[in-house]
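# Understanding the architecture of this molecule
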Amino acid sequence: MHRFELWAPIPGKVAVRVNNTARPMNGPDEQGCWYLEVEDAAHGTDYGYLLDSEDTCYPDPRSPWQPGGVHGMSRVYDHQSF
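The paragraphs below set out a description of the structure included in this document.

Definitions and limits used
- Residues numbered from 1 in each chain as written.
- Predicted model: local features only at pLDDT ≥ 70, side-chain atom pairs only at ≥ 80, totals over all residues.
- Heavy atoms only, no water.
- Core = buried A, V, L, I, M, F, W, Y, C linked by side-chain atoms within 4.5 Å.
- Buried < 20%, exposed > 50% of the residue type's maximum accessible area, 1.4 Å probe, protein only.
- Helix = DSSP H or I, 4+ residues; strand = E, 2+ residues; numbered from the N terminus.
- Contact = heavy atoms within 4.5 Å.
- Polar contact = N/O pair within 3.5 Å; in protein donor to acceptor, adjacent residues only side chain to side chain.
- 1 Å grid on protein atoms, 1.4 Å probe; cavity = no way out; pocket = protein on both sides within 12 Å on 5 of 7 lines; lining within 4 Å.
- Points joined across faces, edges and corners; volume = space filled by probe spheres on them.
- Nonpolar A, V, L, I, M, F, W, Y, C, P; charged D, E, K, R; others polar.

Below, the discussion takes up the nonpolar core. Of all hydrophobic cores here, the largest spans 14 residues; its most connected members are Phe 4, Val 14, Val 16, Val 18, Met 25, Tyr 47 and Tyr 49. Elements with a minimum of two residues in this core: β1 (2-7), β2 (14-18), β4 (33-38) and β5 (46-51). Here Tyr 47 is in contact with Phe 4, Val 16, Arg 17, Val 18, Asp 60, Ser 63, Met 73, Ser 74, Arg 75 and Val 76, once residues within four sequence places are set aside.

As structure tokens, then:
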């Protein structure tokens, strides 16, 4: 399981694309953060964020692992695994 978090105070809805499935995120909270825990996401899972009704999938700006470069999908990195 992995908890996805994104600070995005402007969009009206945010989803995370994990395993080619868009999953609506909860939020925003009072600070503008969105979050979602995904059971089938773990170390090595690719993901990106969808804002409002856009088709563009954006990488995580805080991701420590960008195997496809800064415009590609982000990848979950579990620091506890090492």
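Looking at the secondary structure, you find Thr 45 in the loop between β4 and β5. A relative accessible area of 10% means that Thr 45 is categorised as buried. A distance of 2.9 Å separates a polar atom in the side chain of Thr 45 from the backbone oxygen of Ala 42. Beyond its immediate stretch of four places on either side in the chain, Thr 45 contacts Val 18, Asn 19, Asp 40, Ser 74, Arg 75 and Val 76.

Here the focus is unusual backbone geometry. Backbone torsion omega between Gly 27 and Pro 28 reads 0 degrees, so that peptide bond is classified as cis. Structurally, Pro 28 can be placed in the loop between β3 (21-24) and β4. Positive phi values are uncommon outside glycine, yet Asn 19 reaches one of about 55 degrees. Along the chain, Asn 19 turns up in the loop between β2 and β3. Unusually for a residue other than glycine, Asp 52 sits at a positive phi of about 50 degrees.

Turning our eyes to something else, we now look at the layout of surface pockets. For the largest pocket, the calculated volume is near 280 Å³. For the lining of the largest pocket, the secondary structure elements donating two or more residues are β1 and β5. The dominant element in the lining of the largest pocket, judged by the number of residues it contributes, is β1, at four residues. Partitioning the lining of the largest pocket into residue classes produces six nonpolar, two polar and five charged.

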